[in-house]
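In case you want the letters, here they are:
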Amino acid sequence: MAGLTAANKLYITAGSKELLELCVVEGGNRIGGRIKTSEFVGNRIEMGATWIHGIGGSPVYKIAQEIKSLDSDKPWECMDEFLDEPLTIAEGGYELNSSLVDPISILFKKLMDFAQGKAVEQDGVCSEFAQSYIKNGGLSVGSFLRKGLDAYWGSMKEQEEESPGFDNWTRKSLEESIFAMLENTQRTYTSAGDLQTLDFSAESEYRMFPGKEITIAKGYSTIVESLASVMPAGLIQLGRKVTKIEWMPDDGRHNQSLAIENGDGTKPVKLHFYDGSIMYADHVIVTVSLGVLKQGIRDNSGMFSPPLPIFKTEAISRLGFGVVNKLFLQLSPNSDEDGSDGMRFPYLQMVFHQSDSKLRHPKIPWWMRRTASLCPIYGSSNVVLSWFAGKEALELESLGDEEIIDGYSTMISNLLGNSKHLCNGYANSAESCIKFDKVLKSQWSTDPLFLGSYSYVAVGSSGDDLDTMAEPLPKMSNHSFNSKPLQILFAGEATHRTHYSTTHGAYYSGLREANRLLQHYHY
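Residue indices follow the written sequence of each chain, beginning from 1 at its first position. Selection of residues for local features in this predicted model requires a pLDDT of at least 70, selection of side-chain atom pairs for listing and counting requires 80 or more, and totals for whole chains, interfaces and linings are taken over all residues. Water and hydrogen atoms were dropped before computing side-chain values, which therefore reflect all heavy atoms in the structure.

What counts is decided by this rule: UniProt positions are given in the numbering used here, feature names are shortened, and annotations may be inferred rather than shown by experiment.
As annotated in an unreviewed UniProt entry, the protein carries the name Amine oxidase domain-containing protein and is attributed to Anisodus tanguticus. The UniProt entry for the protein carries the following text under Cofactor (unreviewed entry): "FAD".

## Description of the layout of surface pockets
It is a probe the size of a water molecule, rolled over the atoms, that shows where empty space is left. Formally: Here a cavity denotes a set of grid points, spaced 1 Å apart and computed over the protein atoms alone, in which a 1.4 Å probe fits but from which it cannot get out, and a pocket denotes an open set meeting protein on both sides within 12 Å along at least five of seven lines; residues with an atom within 4 Å of a point are reported as lining. Grid points are joined across faces, edges and corners, and a volume is the space filled by probe spheres set on the points. Helix numbering and strand numbering both begin at the N terminus, where a helix is a DSSP run of H or I of at least 4 residues and a strand a DSSP run of E of at least 2. Note that Gly is not counted as nonpolar here; it falls among the polar residues with everything else outside the nonpolar set of Ala, Val, Leu, Ile, Met, Phe, Trp, Tyr, Cys and Pro and the charged set of Asp, Glu, Lys and Arg.
Considered as a void within the structure, the second largest pocket measures approximately 510 Å³ in volume. Listed by contribution, the elements that provide at least two residues to the lining of the second largest pocket are α5 (141-155), α6 (171-190), β14 (348-351) and α12 (390-398). Classifying every residue of the lining of the second largest pocket gives seven nonpolar, seven polar and 11 charged.

## Considering the sheet that holds β14
Under the convention used in this document: For two strands to be treated as a pair, DSSP must find at least two bridges joining them. Contacts are assigned to residue pairs that have any heavy atoms within 4.5 Å of one another. The convention used is that axes are lines fitted to C-alpha atoms, helices contributing only their stretch in contact, and that angles between N-to-C directions extend from 0 to 180 degrees.
One open sheet holds the seven strands; their spatial order is β5-β4-β14-β15-β16-β13-β17, and the pairing between them is mixed. This sheet does not close on itself; its edge strands, each paired only once, are β5 (94-95) and β17 (436-441). By the bridge criterion, two bridges tie β14 to strand β15 (residues 373-376) in an arrangement that is antiparallel. Each residue of the ladder has a partner; that of Leu 348, found in β15, is Leu 374. Against the sheet, α12 makes contact with β13 (324-331), β16 (383-389) and β17, and its axis sits at roughly 125° relative to β16, the strand it touches most.

## Description of the packing of helix α1 (residues 2-13) against helix α15 (residues 503-520)
Condition: The hand of a helix crossing depends on one turn: near helix anticlockwise from the far one by less than a right angle means left-handed, and clockwise means right-handed.
Interaxial distance between α1 and α15 falls to 7 Å at its minimum, and their mutual angle equals 35°. When you trace α1 past α15, the crossing you get is right-handed. From α1, Ala 2, Thr 5, Ala 6, Lys 9, Leu 10 and Thr 13 reach across to α15, where they touch Ala 506, Tyr 507, Ser 509, Gly 510, Leu 511, Ala 514, Asn 515, Leu 517 and Leu 518. Taken together, the residues that form the contact of α1 with α15 break down as nine nonpolar, five polar and one charged.

## Some thoughts on empty space enclosed by the protein
Per the counting criterion, the structure on display carries three cavities of 30 Å³ or more. Its volume calculated, the largest cavity comes out at about 60 Å³. As for the largest cavity, its lining consists of 13 residues, and the residues nearest its centre are Val 288, Leu 290, Ala 491, Gly 492 and Ala 494. When the residues that make up the lining of the largest cavity are grouped by side-chain class, the tally is eight nonpolar, three polar and two charged.

## Brief notes about α1
The criterion, for reference: Multiply 1.5 Å by the residue count of a helix minus one, and that product is the helix's expected span. Burial status follows relative accessibility: with a 1.4 Å probe on protein chains alone, a residue under 20% of its type maximum counts as buried, one over 50% as exposed, and anything between as partly exposed.
A rise of 1.5 Å per residue sets the reference length of α1, with its 12 residues, at 16 Å; its end C-alpha atoms lie 17 Å apart and thus fit the reference within 8%. Most of α1 sits inside the fold, with nine of its 12 residues counted as buried. Taken as a whole, α1 has its buried residues at Ala 2, Leu 4, Thr 5, Ala 6, Ala 7, Asn 8, Leu 10, Tyr 11 and Thr 13. Check the buried side of α1 and you find it contacts β1 (24-25), α8 (221-228), β6 (236-237), β10 (284-286) and α15.

## Some points on the pairing of strand β4 (residues 87-90)
The side-chain alternation of β4 yields two buried faces, one formed by Leu 87 and Ile 89 and the other by Thr 88 and Ala 90. Direction of pairing for β4 relative to β5: antiparallel, over a ladder of two bridges. Within β5, the position partnered with Ile 89 by the bridge is Glu 95.

## Structural notes on the environment of Ala 151
As for its position among the elements, Ala 151 is in helix α5. Overall, Ala 151 belongs to the partly exposed group, its relative accessible area being 22%. As for Ala 151 and Ala 130, which are separated by 21 residues in sequence, their C-alpha atoms are 9.6 Å apart.

## Observations regarding the sheet that holds strand β9 (residues 278-281)
Here we have four strands laid out as an open sheet, ordered β9-β8-β7-β11, and mixed in their pairing. Strands with a single pairing partner mark the edges of an open sheet, and in this sheet they are β9 and β11 (304-305). Bridge count for strand β7 (residues 242-246) against strand β8 (residues 269-273) is four bridges, and the pairing is antiparallel. Bridge pairing in β8 places Ile 245 opposite Leu 271.

## Comments concerning unusual backbone geometry
Backbone torsion omega between Ser 305 and Pro 306 reads -5°, so that peptide bond is classified as cis. Mapped onto the fold, Pro 306 is located in the loop between β11 and α11 (310-318). The omega torsion of the bond from Leu 473 to Pro 474 falls at -5°, within 30 degrees of zero and hence cis. Residue position: Pro 474 is located in the loop between α14 (463-469) and β19 (488-490). Although it is not a glycine, Glu 18 sits at a positive phi angle of roughly 60°. Note on placement: Glu 18 falls in the loop between α1 and β1. With a phi angle near 60°, Cys 78 is a residue other than glycine that sits in the positive phi range.

## With respect to the nonpolar core
What counts is decided by this rule: Put simply, a nonpolar core is a bunch of buried Ala, Val, Leu, Ile, Met, Phe, Trp, Tyr and Cys residues held in one set by side-chain atoms that sit within 4.5 Å of each other.
The biggest cluster of nonpolar side chains holds 36 residues, and the ones touching the most others in it are Leu 96, Phe 144, Leu 145, Leu 174, Ile 178, Phe 179 and Val 351. Counting only elements with at least two residues in this core, the list comes to α3 (98-115), α4 (124-135), α5 and α6. Ranked by residue count, the leading element in this core is α3, at nine residues. The residues touching Leu 174, leaving out its near neighbours within four places in the chain, are Ala 90, Leu 96, Leu 100, Pro 164, Phe 166, Trp 169 and Val 351.

Structure, rendered in structure tokens:
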């Protein structure tokens, strides 16, 4: 998204008038990067970026409107707003009513709103505790949330600890597990595998657009295809994996050999490709993921020659970059039923015993236990979706389809085995329970072109590091007449201080770097 936005702007403004020579080199065999629309059993789905996060003011929404991508004859992921109330089931098959779930959900939302700097209705517990957390220099969103839960329990002490009437579950253990389910959803939003590593003070700098969040009917890939469509054939080169970027910093260590082999040394940047070919450039905009940059600054990686300056490598090291994966499963219709009319799988929220509990069902695998939900991709769909983050998302990448289907079958028979909500047509009884036919999963962490999903501000980092990510090289303040300015520019979601982790953040960063070059040449 960042690279194609930059190229689109540069081409329209200057390239099409032959004021500059432009080339996009893409390591993979498709455009779009972490935007990847796909298909699964007749449905259009997203393997990567999924949502327009707020339609009010979003440049992605504006493009989607212009290219008429918001309607489709073919069914697509999240094409309807969920009308059904979530069905919340605790391990063992106990349906939780709203009197148990709502107070914890409201508490969690208030705590997150406070952390994100939104105005929160002042209720005594939340407000008093939150102010003291800040005063005492609280560091992470994770510790803030857990201290909030403790404060809530402290305020409820007078109430009787009545039993919810479910074997093995106390009210407190249920509340903790409901809270953990909400934390697990938050992990997928942020890509922080552990919310204890998510910086508290930076959370309030993150900005959302107003309005509803929607998916793109014709697929997110239509956005990048539209950006690319203005450029002539051949300008975007696929399968061109860059292995090294040589550049000329202005610190007396001029890369003399580069200057000599480049004739008069007018082009200070030399790109080396996987196939052994090379290309010289005045400027290169690097839009690889933060995961690839993290690998690129490790010892002996040689991605940059000479290596990036310390101010840059420290920001790259401190920022967080996590993995989030999606898992789609196709439900098997029950063979005893006539066709698929009226089948509806519930929007299932899953509450599991915590890791220290001896009451955990031994056959529900560990990698499923921090997944918060399993829901149809739209109301009547026979495809269901779960989101994974952190270690569990990594594990998912290594599992075979059979192992995934076995895990889900065990978990579903445990949760829904006794439920009257076994959705007309999918099962008649616990053991004929829901079966799955096919599986499709994303694998962002093991893909060498990404090495993860998106960035977050980790404890020990700050918004300043996101700004540092965006600084071009050589550093503006110290280039002399010898040094060519703006040799390496950086764009991508991890270079935007307030919209990191999003496609619109990537879009804005691409525009920023294109404009930086256009201003440099007074175009």
